[in-house]
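Take a look at the letters that make up each chain.
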Amino acid sequence: MSGSTAACRTDVEYYLSTSHFQNKVWLSYMQIFIGDSNSETVAALSAGLDQKELKIRKFSSLEALGEGMNENQPDVVVINADFLHNGNGQTSAVTRLPVIAYTSDVELQNRLRLYDLGVSRVEFYDDAFLRRLPQILRLLTPAGHATADAGTVTSGSLGSFSLREVLYNAMMEKKSLSLKVSNGRAGARITTLQGHIIEADSGLNSGEEAVLKALQLADGTFKIRSHEQRFARSEIASSVLALLSEGGFQKRRVARIFEEHAPDVVNPGLRALKSKNGVAPDDAAAAVLGLIPANGVISVAELLLKSPLSSSVIIQQIEELFDIGLLKAIAMETGGEVREDIDWTALTNLLFKEDVKQGSLVALGLPSSGRSEFIRTFAGLQREPFKSTHALDFTRLKLEDDRSLTLFGISTQEAFLPVMEKIANGMLACVFLIDGSEPEQFEFANYILKQVTQMFECPFVIGLTNYSGEAPAAVASFITQFDVPPGLEVVPFKPHSFDAILDVLGQLKEVELPDEEEQGYV
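All values reported here derive from a predicted model rather than from experimental measurement.

Peer 1: What's the story with the overall build of the chain in this structure? I'm lost.
Peer 2: When its secondary structure is counted, the chain shows 19 helices and 19 strands. Sorting the 522 residues of the chain into buried and exposed places 50% on the buried side. Here the contacts in the chain between residues at least 6 apart in sequence split such that 72% fall between residues at least 24 apart. Carbon and sulfur atoms make up 48% of the accessible area of the chain, which totals about 24500 Å².

Next up, the structure:
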């Protein structure tokens, strides 16, 4: 798949190395964390942030908010000031990021205390605040300093375009960028100014350590946005080349550890073992072992990002724990599932006619329906490049008997019909994904489904995702609220599972269109 990799690199390099990217930033792609125990207030804040593709997570306590930030770093935190006044020393991780604290307290002393804690902005909570909140958010983030042009985020896979390459390219082109890297369980935010890294944060780590630990991520995704900030005080003294060099050294050291202790394990992770000879780890080693889930597996990158210890100390502890028999290398999942025995024959039998050698499979749905996970699962199974924007996901697979399958995940939130028309000739099937937790979207989804089933001749199936309760009951309830076209099946669906994907594709059916007389033609 060298051609696909080259295409991905060309696309990312274009956005990194041209002025076209410099103004393509917008609020609608931010992730906002809201902290408040009052559900009515949270609902009002969420309504005030009704932005396309905006991701909002809600937390009812400061402790829950801190745990959420350890998993994934938001762009901005919007929080009830009472959380911070009563934080008991737990606020430092929160206030590393841009924070908007809202309050009904008019005492100047309390507002000044919030600024002393590191809050970026203190606002009185009223109707005016709710109306102004989107603009306040823009002013507090790099996106707010950019020209108000149409919003575009460049996304990509770390497997096909590494963080090292992104940072090196930004340095060479002297770009000012805001980067978010994540593997779903750990991640970091890195800001560059004219090619220099000026800020980095991964929740428990900041500065150079956050950069070094993020450089260990071999799997996952990145998002790039530009900003036009002209001056900023940097918290990072080391040059980009020095950080990339040190990060590369640490990565090679980790690889040598695995080569020594588990040379045959593909994509190794770490599993903690019980001591068999009475050897007890010291405090530093015990702290490392404590971050590994019981009977679970964790990648080195995730372990680094979830620990406040320096990366060099943790790597040293990993080596010593292997030596004393308290760690074992286990193959990690990548991009979905790790499967050495993928039954591609079953897939080809479901999609391809005997004389067909290539074609496309389309997953249609709103952003929350699981279309990206659907495409990412295929990409992970063959370790192929996965390209993504806010409206389109893409990968290409080489199957048995010289067959190739192109997969498109297309958002129905955008003007998607022109894309569908371009690929219609090679379209083998279409999976229409519907988020079962969003019944308010059913009417719109019904309208779109009727359009595409009448315009395109191929088998269809409806995949119901994010449903609650037992699958049969969820499907039965959905059918009562949705006008399912004649002949189509509704299948409960987990898009991160290849076996579930095969189950869904096994239910592909041709739509029974009404004849001309029934449609009113004479």
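Peer 1: Sorry if this is basic, but what is going on with the packing of helix H8 (residues 207–214) against helix H9 (residues 240–261) here?
Peer 2: Each pair of packed helices can be summarised by the angle the axes make with each other and by the distance between the axes. Look at H8 against H9: their axes get within 9 Å of each other, and the N-to-C directions meet at 50°. Taken together, the axes of H8 and H9 lie oblique to each other. Pair H8 / H9 crosses with right-handed handedness. For the pair H8 and H9, the contacting residues are Glu208, Val211 and Leu212 in the first and Leu243, Glu246, Gly247 and Gln250 in the second.

Peer 1: In this structure, what is going on with the pairing of strand S5 (residues 121–124)? I would like to understand it.
Peer 2: The pairing of strand S4 (residues 99–103) with S5 spans 4 bridges and is classified as parallel. Across the sheet, the residue bridging to Ala101 is Val122, located in S5. The handedness of the S4 to S5 crossover, carried by helix H5 (residues 108–117), is right-handed.

Peer 1: So what exactly am I meant to see when it comes to the sheet that holds strand S1 (residues 31–35) here?
Peer 2: By way of backbone hydrogen bonds, the strands of a sheet pair with one another, either parallel or antiparallel. Spatial ordering of the open sheet is given by S2-S1-S3-S4-S5, a layout of 5 strands whose pairing is parallel. The open sheet has two free edges, formed respectively by strand S2 (55–59) and S5, since each of these has just one partner strand. Put simply, the sheet's adjacent strands are angled 20° from each other on average, direction ignored. Of the strands in this sheet, S4 and S5 are in contact with H5, which crosses S5 at around 150°.

Peer 1: Sorry, what's going on with the pattern of salt bridges here?
Peer 2: When the charged atoms of two side chains lie near each other, side chains of opposite charge can form a pair. This model, assessed by the stated rule, comprises 7 salt bridges. In this structure, Arg132 and Glu123 form a salt bridge, with 3.0 Å as the shortest nitrogen-oxygen distance. A relative accessible area of 35% places Arg132 in the partly exposed class. With a closest N to O distance of 3.4 Å, Arg253 and Glu319 form a salt bridge. Linking Arg253 in helix H9 with Glu319 in helix H12 (residues 311–323), this pair joins segments that are 66 residues apart in sequence. On the basis of relative accessibility, which here comes to 24%, the residue Glu319 falls in the partly exposed class. A network of salt bridges, in which partner residues are shared, links Arg121, Glu123 and Arg132.

Peer 1: Hey, could you run me through helix H17 (residues 471–481) in this one?
Peer 2: Think of an α-helix as 3.6 residues a turn; residues three or four steps apart then line up on the same face. Restricting attention to buried positions, one finds in H17 the residues Ala471, Ala474, Val475 and Phe478. Along the axis of H17, the buried positions cluster into a sector of 95°, meaning they face one direction only. Turned more than 90 degrees away from the buried face of H17, the exposed residues are Pro472 and Thr480. Those residues of H17 hidden inside the fold are in contact with strand S17 (427–435), helix H16 (442–455), strand S18 (460–465) and strand S19 (490–492).

Peer 1: Explain the packing of aromatic side chains to me, please; I cannot follow it from the model alone.
Peer 2: Between two aromatic rings, the relevant description is the distance of the centres plus the angle of the planes. Counted under the stated rule, the structure contains 10 aromatic pairs. Residues Phe374 and Phe493 carry aromatic rings whose centres are separated by 5.8 Å and whose planes lie at 70° to one another, so their mutual orientation is edge-to-face. Of the two residues, Phe374 sits in helix H14 (residues 371–381) while Phe493 sits in the loop between S19 and helix H18 (498–505), which places them 119 residues apart along the sequence. According to the relative accessible area criterion, Phe493 is buried, its value standing at 1%. Each ring, one from Phe478 and one from Phe482, has its centre 4.7 Å from the other, and the planes form 25°; the classification is stacked. When its relative accessible area of 2% is taken as the criterion, Phe478 is described as buried.

Peer 1: Honestly, the nonpolar core in this entry has me stumped. Any pointers?
Peer 2: One broad trend across soluble globular proteins is that nonpolar side chains are buried collectively. Judged by nonpolar contacts, the single largest core of 33 residues is most densely connected at Val362, Leu364, Met420, Val452, Ile462 and Phe482. The set of elements that each furnish at least two residues to this core consists of strand S13 (358–365), strand S16 (404–411), helix H15 (417–423), S17, H16, S18 and H17. At 5 residues, the largest contribution of residues to this core is made by H16. Listed in part, the 28 residues of the second largest apolar core include Leu163, Ala186, Leu217 and Val240.

Peer 1: Would you take a moment to explain a negative patch on the surface for this structure?
Peer 2: Residues Glu260, Asp282, Asp283, Glu320 and Asp323 make up a contiguous surface patch of negative charge. Relative to the helices and strands, Glu320 is located in helix H12. Classification of Glu320 as partly exposed rests on a relative accessible area of 32%.

Peer 1: Explain the environment of Glu438 to me, please; I cannot follow it from the model alone.
Peer 2: Along the chain, the position of Glu438 falls in the loop between S17 and H16. Glu438 sits in the partly exposed class, given a relative accessible area of 25%. Along the chain, Glu438 and Asn466 lie 28 residues apart, while their C-alpha atoms are 8.8 Å from each other.

Peer 1: In this structure, what is going on with the pairing of S13? I would like to understand it.
Peer 2: Regular strands show a simple pattern: their side chains alternate between the two faces of the sheet. Most of S13 is tucked away, with 7 of its 8 residues classed as buried. Pairing geometry for S13 and S16, over 8 bridges, is parallel. Bridge pairing links Ser360 to Thr406 in S16. Examined bridge by bridge, S13 and S17 share 5 bridges and lie parallel to one another. Bridge pairing in S17 places Ala363 opposite Val431.

Conventions we followed
- Counting of residues starts from 1 at the beginning of each chain's written sequence and follows it residue by residue.
- Two thresholds apply to this predicted model, a pLDDT of at least 70 for residue-level local features and 80 or more for giving and counting side-chain atom pairs, whereas whole-chain, interface and lining totals are computed over all residues.
- The basis for every side-chain value is the complete set of heavy atoms in the structure, and neither hydrogens nor water enter the calculation.
- Numbered from the N terminus, helices here are DSSP runs of H or I no shorter than four residues, and strands are runs of E no shorter than two.
- When accessible area is computed with a 1.4 Å probe and restricted to protein chains, residues below 20% of their type maximum are described as buried, those above 50% as exposed, and intermediate ones as partly exposed.
- The contact definition used throughout considers only heavy atoms, calling two residues in contact when any of these lie within 4.5 Å.
- Surface accessibility follows the Shrake-Rupley procedure with a 1.4 Å probe radius. Residue values consider only the protein chains on display as shielding.
- Axes here refer to lines fitted to C-alpha atoms; in helices the fit is confined to the stretch in contact. Angles between the N-to-C directions go from 0 to 180 degrees.
- Roughly parallel covers angles under 35 degrees, roughly antiparallel covers those over 145, roughly perpendicular covers 65 to 115, and oblique covers all other angles.
- Left-handed describes a crossing whose near helix is turned anticlockwise from the far helix by less than a right angle; the clockwise case is right-handed.
- For two strands to be treated as a pair, DSSP must find at least two bridges joining them.
- Crossovers are described as right-handed under a simple rule: with the strands pointing away from the observer, the path leading from the first strand over the helix to the second runs clockwise.
- Note on definitions: salt bridges are taken to be side-chain nitrogens of Lys or Arg within 4 Å of carboxyl oxygens of Asp or Glu.
- Starting at the helix axis, one direction is taken to each C-beta atom, and the arc is that of these directions.
- Stacked, edge-to-face and tilted are the three classes for Phe, Tyr and Trp ring pairs, Trp counted by its six-membered ring, which pair at centre distances within 6.5 Å; planes under 30 degrees apart are stacked, over 60 edge-to-face, the rest tilted.
- What makes a nonpolar core is a set of buried Ala, Val, Leu, Ile, Met, Phe, Trp, Tyr and Cys residues whose side-chain atoms join them at distances within 4.5 Å.
- Two joining distances apply to patches: 9 Å for like charges and 5 Å for nonpolar side chains (Val, Leu, Ile, Met, Phe, Trp, Tyr), and every residue must have over 30% relative accessible area and no salt bridge.
- In this tally, Asp and Glu contribute negative charge and Lys and Arg positive charge; neither His nor the terminal groups of the chain are included.
- A single reference atom marks each charge: NZ on Lys, CZ on Arg, CG on Asp, CD on Glu.

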